[in-house]
Amino acid sequence: MRVSSNRTRHRNRDLASLVVAGTVAAAACGTVLLGYPGTASADPIEQCTATTGAIVAVDFTHWGGGVVRGCDAHSTTGMNLLHNAGFTTTGTEHDGPAFICRLGTGTFNGGAQYPTPAEEPCVNTPQATAYWSYWIAEPGQQTWSYSRFGAGTQKPEPGEVEAWVYGGTDIGGTSGAPNFTPDSVRARNGGPSPSASPSASPSPAVALSAPAGRKPDAARGSAYLTDPSRLIDGHYYEGFPAFADFGLTIDGAYALAATGTDDAALRRIVDFLDQQGKDASERTVNDWTAIGTEYAGGGSIGKEALLAEAVGRNPRDFGGHDLIAALAALVCAKADANTGCAAPGNYAYATSVFSQALAVMAQLRAGESTSVAPAIAYLKGLQHPDGSWPSLIPATGDSDVDSTAMAVMALALVPGDEAAQAVDQGLGWLAARQLPDGGFPGASGDSTNSAALAVQGLTLRQAAYGGQIAKALDFLAGQQNGDGGFNVAAAGQRGSDVRASTQVLGGATGISFGTLSRDLAGTPTPTPTGTPTGTPTGTSSPTGSPTTTGPAPATDAPSSGGVAEAGGVPVRTGSGGLASTGSQALALTAGAGALTALGAGAVLVARRRTAAAPGRHR
């Protein structure tokens, strides 16, 4: 692994280590890989403070792990810092142990070192496109600097933090820096209490922890969602003015059902959908699901049915249709692109794991067992060996936090050891994806939506993952704005986003969609808010002000978030989530423009015929 700005200097930077390497190799009468097994007793993390010792953080994200940090209370070199913190290293045959080719820790995958021999034989110096890069942040430094020295000659200062990240960078270290900040891994404590007794058994390198204790404010979040400028007559307009976003509307209902903060607003939404209320372009929820047509979508129907079940309505008679019978009819018997079937057991036009999981949960909650069996088997079969699920259907080989969370929520409803094992494996992978600040990676980066879904999934095994859940809730609380809404992600443009807020508010409760229940029986019938004048839109600016733009068609295409200009006002568009989620989500901008020209009548057919395109999720 290259850890300096000059490959030749890196190979020669620790002559003593290389001499030892040559001596040992010669004595063995053969070619060997020299490594360091790590200390038997790593320094306890508590012994490092803001002014004593040094912290090292190693990012195993490339292999499905997380960031692991350790402490060396009396560090002398970067190499000793790694070893005294409990990490193990292996060099290359060519360069010896001073050139770090592999890293491992007992807290991740049983101490296995990465990259694996299949990925990198560690014979010669690895390529600059895939190696362990070495980064430094001195006390008080807020950004990472590419180390000018190798680990054998770098001398950490008290309070310093160092990081190792696998990937690529250029010789100058201008790319490939850690995706976590120095402050997120820096020691904060003031040192052991004078009266504290030494630890009997020093702890090894430990998974990164963050301050915990805060939780999102559900009351303020609900007030943001139900504000009349956003929730208009029981539905939301987001992304396309005049065309209600029915997926987002159901997201809002899920959030209100989970928090129990505003039953009147929840009932307005449910009644609007159940009574086939029309948006400003005369569309109902049935136009969104395409139920009763050859282009009916399993994911969208499943989502609607799941809401009916959660609020105590009859999913076999909701919105004028038997949603459960419709789902049973959509379970594919064979692969057929013309009918939206990727494989046997896939629901027609369910082009993501998210959609597949929604439909499975809806059928299971309705008491179905026979017709849902192939769909369950297909969902199980999409799980990767590492426990994760991909985002899209057909699978593209990626691993996705959102999809994994949804899949484990669905399989948690399935009896038997096989399903339970799949859930446990999925949750293990999910927990390892947590970022240093408590968040989780998603389509928009350090995503609030992904963190909320992870909380829902991990809460299935709350006793085992209580620490990770608390950190995620603390992260989400930090992303809540003064108006009660939530940011899309920790980085990027700030400002409350309606879609992100629905997802965070419900997810932060930890209630699985498979068990969500808020019976509306007995709640008062709400007073209608009145028909809005002009062309409504729920797309809000960071300040929450409604905007008005020209008409556009309804679509299931997910938005990638970001900023769009509307009337000269920067407007945050919807981003990933329950209505459109997955790390593969792509905004089909050109397609949307074409559909605008076609008009609302042609939208449905075009949408279903292109459902297999990347980024199509419902």
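In every chain, residue numbers begin from 1 and rise along the written sequence. Confidence filtering applies because this is a predicted model: local features only for residues at pLDDT of at least 70, side-chain atom pairs given and counted only at 80 or more, and all residues used for totals across whole chains, interfaces and linings. Side-chain figures throughout are based on the complete set of non-hydrogen atoms in the structure, without hydrogens or water.

Engineer: Even after reading the chapter, I still don't get the overall build of the protein chain, so can you show me in this structure?
Structural biologist: The helix and strand inventory of the protein chain stands at 19 helices and 16 strands. Burial classes follow relative accessibility: with a 1.4 Å probe on protein chains only, a residue under 20% of its type's maximum area counts as buried, one over 50% as exposed, and anything between as partly exposed. For the protein chain, with 618 residues in total, the buried portion stands at 55%. Within the protein chain, counting contacts between residues at least 6 apart in sequence, those at least 24 apart form 70% of the total. Split by element, the accessible area of the protein chain, about 23,000 Å² in all, is 55% carbon and sulfur. Numbering of helices and strands starts at the N terminus; helices are DSSP runs of H or I of at least 4 residues and strands are runs of E of at least 2. A contact between two residues is defined here by any heavy atoms of the two lying within 4.5 Å. Residue exposure ignores everything except the shown protein chains as possible cover, and the areas themselves are Shrake-Rupley values with a 1.4 Å probe.

Engineer: Quick question: what am I supposed to make of the nonpolar core here?
Structural biologist: In this text, buried Ala, Val, Leu, Ile, Met, Phe, Trp, Tyr and Cys residues form a nonpolar core when linked through side-chain atoms within 4.5 Å. Grouped together as the largest cluster of nonpolar side chains are 102 residues, with contacts concentrated most on L273, Y347, V360 and M406. Leave out the neighbours within four places in its chain, and M406 touches F354, A357, L358, M361, L453 and F513. By size, the runner-up hydrophobic cluster in this structure holds 21 residues, among which are F60, M79, Y134 and I136.

Engineer: Can you help me understand the environment of T339 in this one?
Structural biologist: Take T339: it is sitting in the loop between α10 (323-330) and α11 (353-365). Ignoring sequence-local partners within four residues, the contact set of T339 consists of A348 and Y349.

Engineer: Explanation requested: the packing of aromatic side chains in the structure shown.
Structural biologist: The relation between two aromatic rings is expressed through the spacing of the ring centres and the mutual angle of the planes. Pairing of aromatic side chains requires ring centres within 6.5 Å, counting the rings of Phe and Tyr and the six-membered ring of Trp. Pairs whose planes differ by under 30 degrees are stacked, by over 60 edge-to-face, and all others tilted. Applying the stated rule across the entire model yields 14 aromatic pairs. Geometrically, the ring pair formed by W63 and Y166 is tilted, given 4.8 Å between the ring centres and 50° between the ring planes. With W63 in the loop between β2 (54-59) and β3 (67-72) and Y166 in strand β9 (residues 161-167), this pair connects stretches of sequence that are 103 residues apart. A relative accessible area of 16% means that W63 is categorised as buried.

Engineer: Could you clarify how one ought to interpret the pattern of salt bridges in this entry?
Structural biologist: By convention in these notes, a salt bridge is any Lys or Arg side-chain nitrogen within 4 Å of a carboxyl oxygen on Asp or Glu. Applying the stated criterion to the full structure yields 14 salt bridges. Notably, a salt bridge pairs D474 with R214, separated by 3.0 Å at the nearest N-O pair. Highlighted residues: D474 in helix α16 (residues 462-478) and R214 in the loop between β10 (206-207) and α5 (218-226), separated in sequence by 260 residues. The partner of R461 in a salt bridge is D424, with the nearest N and O atoms 2.8 Å apart. With R461 in the loop between α15 (448-458) and α16 and D424 in helix α14 (residues 417-432), this pair connects stretches of sequence that are 37 residues apart. Here R461 falls in the partly exposed class, since its relative accessible area comes to 28%. Classification of D424 as partly exposed rests on a relative accessible area of 39%. A single salt-bridge network, built from bridges that share partners, covers R267, D271, D274 and R313.

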